[in-house]
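Topology and contacts: notes
Each chain, letter by letter, is given below.
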Amino acid sequence: MKEKRGFLQHSLLLKLGGALALIACFAILGMASSGIIAESAQGSGEAINLAGSLRMQAYKMTSLALSARLPGGTDAAAPLHKAVDTFEATLQDARITDMMMKQSKTALSDSYVTVRDAWYGRIKPRILAVADKAAPADEVPLIGEITLFVDQIHDLVKQIERDTEAKILVLRMVLGAALLMTLLVGALTMYLAHNDLILPLRDLLAFAANVGRGNLAARTEHTGNDELGRLGRAFNHMAEDLSRLYQNLEVRVEEKTAELTIANRSLELLYHSIARLYNGPVAPDTYVILLKDLENVLGVGQGLACLVEAGDARARVIASTLQPNGSDAGQCGLISCAECLKHQALAVHPLHDGRRVLSLPLMDTEHRYGVLQLEMPPGKELAQWQIQLLEALSRHIGIAIGTARRIEQSRRLSLLEERAALARELHDSLAQSLAYMKIQVSRLKPLVDNPQRGDEARDVLEELREGLNSAYRQLRELLTTFRLRIDGAGLAAALQTTVAEFSSRGDIPITLEVHLANCMLTPNEEIHALQIVREALSNVLNHAQARQAHVKVACAADGSVLATITDDGIGVRQAAGAHHYGMTIMEERAKNLGGQLTVEKLPVFGTRVSLHFMPGNRRKIPLPIHPAQA
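This text gives an overview of the structure that appears in the document. What you see is a predicted model, and the numbers here were worked out from it, not measured in a lab. (Residues numbered from 1 in each chain as written. Predicted model: local features only at pLDDT ≥ 70, side-chain atom pairs only at ≥ 80, totals over all residues. Heavy atoms only, no water.)

**Regarding the sheet that holds strand 8 (residues 561-567)**
Stated precisely, the cut-off is as follows: At least two DSSP bridges between two strands are required for those strands to pair. Helix and strand labels come from DSSP, where a helix needs a run of H or I of at least four residues and a strand needs a run of E of at least two; each type is numbered from the N terminus. Inter-axis angles, ranging from 0 to 180 degrees, are taken between N-to-C directions of lines fitted to C-alpha atoms, where helices are fitted over the stretch in contact.
Within the open sheet, the five strands sit side by side as 6-7-8-10-9. Their pairing is mixed. Each edge of the sheet is formed by a strand with only one pairing partner; in this case those strands are strand 6 (510-515) and strand 9 (596-601). Adjacent strand axes in the sheet meet at a mean angle of 10° when their direction is disregarded. Inspection of the sheet shows strand 6 paired to strand 7 (residues 549-555) by six bridges, in the parallel sense. Residue pairing in the sheet places Ile510 in a bridge with Ala549 of strand 7.

**Some details on the pattern of salt bridges**
Stated formally: Here a salt bridge means any side-chain nitrogen of Lys or Arg lying within 4 Å of a carboxyl oxygen belonging to Asp or Glu. The cut-offs for exposure are 20% and 50% of the maximum accessible area for each residue type, with area from a 1.4 Å probe on protein chains only; residues under the lower value are buried, those over the upper are exposed, and the others partly exposed.
What the rule picks out here adds up to six salt bridges. For Glu600, the salt bridge goes to Arg608, with nearest N and O atoms at 3.3 Å. Residue classification places Glu600 among the partly exposed residues on the basis of a relative accessible area of 36%. In the salt-bridge network here, residues are joined through shared partners; they are Glu501, Arg505 and Arg534.

**Observations concerning the sheet that holds strand 5 (residues 368-376)**
Here five strands make up an open sheet; going across it, the order is 2-1-5-4-3 and the pairing antiparallel. Each edge of the sheet is formed by a strand with only one pairing partner; in this case those strands are strand 2 (316-320) and strand 3 (347-350). With strand direction ignored, the average angle separating the axes of adjacent strands in the sheet is 25°. Inspection of the sheet shows strand 1 (residues 303-307) paired to strand 5 by five bridges, in the antiparallel sense. Its bridge partner lying in strand 5, Leu307 is registered against Gly370.

**Some points on the nonpolar core**
Note the following rule: To form a nonpolar core, buried Ala, Val, Leu, Ile, Met, Phe, Trp, Tyr and Cys residues must be joined to one another through side-chain atoms within 4.5 Å. Two residues qualify as a contact provided that any one of their heavy atoms is within 4.5 Å of a heavy atom in the partner residue.
By size, the foremost hydrophobic cluster in this structure holds 33 residues, and its most contacted members are Met61, Phe87, Trp119, Phe149 and Ile160. Of all elements in the fold, only helix 3 (44-69), helix 4 (77-91), helix 6 (107-131) and helix 7 (139-212) reach the threshold of two or more residues within this core. It is helix 3 that contributes the most residues to this core, nine residues altogether. Not counting chain neighbours up to four residues away, the residues in contact with Phe87 comprise Leu54, Gln57, Ala58, Met61, Trp119, Phe149 and Ile153. With 31 residues, the next largest nonpolar core counts Ala494, Val533, Ala546 and Val609 among its residues.

**A closer look at unusual backbone geometry**
A positive phi angle, close to 55°, is found at Gln545, a residue other than glycine. Residue position: Gln545 is located in the loop between helix 14 (523-544) and strand 7.

**Regarding the pairing of strand 10 (residues 607-613)**
Taken across its seven residues, strand 10 has five buried, putting it largely inside the fold. Where strand 8 lies against strand 10, seven bridges are found, and the strand directions are antiparallel. Residue pairing across strands places Val561 opposite Phe613, the latter belonging to strand 10. Across six bridges, the pairing between strand 9 and strand 10 is antiparallel. Within strand 10, the residue paired with Thr598 across the bridge is Ser610.

Below, the structure is given as structure tokens:
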């Protein structure tokens, strides 16, 4: 409460408000006084005019009275009575009587009473007596009395004028005093505004400019008890707070810079590590580089990465930065395998010589492959970001090892499937032809020993020759099939290459029409479809005796694929030859695609081979995949 009272005593707004209130009060006082005085002086001019006319009326009545006494003069009684009434009415007029102060006795009221008493006591009776011809013919005393009466009236007029001038003088004095006080208060207000408002504001603006330029050591000197003084103190406190915040901000910026540097080094290590692990086959040298990078970034000692083979009790070192000491380089040298492998997470193992070893498992979501070991210098403790970096890198190493193993396993399965496919192709074509020729050789042996069966022996030899030619052709087709692959251009480009190849081999025009924009085929499906087209074109060249052919592969509205091979040859034979297995192989490939193969003879000339199947991505149950066919 005391502080608030002191603030109000020094309040700048209160001072300026008081000064403005004084100016307003003086202005209101002057205007009110002017109105009151002007109201009181209203009618003074008319009163002066009326009082002045009394003198003329007095002389008029005297003239009428004298003219009535002259010999042979006219009767002036009536005009004289009228002049008396007019004079009396003018003397009693409210505009004159209102000028008199009722509650005080002034010179004006005394002068009016003198004129009124003289009129009723001397002048009016004499005038009326003259009008009634009852007065003696003595003009000189009448004229003398009238002259004295006019002087009294003149004094009344002078008093009215003086009273009016006195009111105007009072009005001037009031207005002058109000103007003088207004000027004094205005000057005081300007002085107060200059010293307590303008100068402090300039100081505060200069302080704000210095702070804006970064000079947080600047302080304002205006720290009084008024509003601007309190604002100055607030500015000084603000500058102190900003200075402390700025210093704290610099410290925090340095801390954040250090954290960002650490994060950048961690991200850089992870980026290069992941690039080395996933951009190509991982070699032991790659793991050595990763260990060296870890040692440099984390500031730890030498380390090694151990790999645990399935069913082994001891680990095998796949990478190490340890100096060789003559021990078995293929075994972990820091701690025992049993102690190391029993931990499923990050663990610290003390050694007998005071050192410590940090171990992390190398694993993915399915298996555990090994352990990453790092030697910890004495007194070294890892920060949280270092532990997170180690865990992330160990996970990536484990994933890379698992990926490499799965790729190797996939390659082995692909090789086995390719071998199975090769055996199946040989069994379905070349092996059957060789078996048939073996039977023919068995038939030929007794025929050679019997000269009488020479014609039959020649028939067997012809069949052997035909079988050898068919086996050789099948061998070439198998070699072509095993070398066949589809590159990144897709099935359409492979079909164009195939059509160009068979057109040049058979010297017949083969047209191609491909519409596969809405169908997504797997590499296995593309290989099977291409092989069926090739086998059909091979039949056209070898058996159809056609002059032209047309190949069309399109995607139907339901997402299925329809491939047709049409020729204008001799049509389909009733039964295939003994050494021809093309139709059988085509039907088997169609079954692998989950589709249907149809061969039909056209009404006039030629044959149409049609393949219709639904791609695996359009079916609920995926097709069996045979990578060997690719």
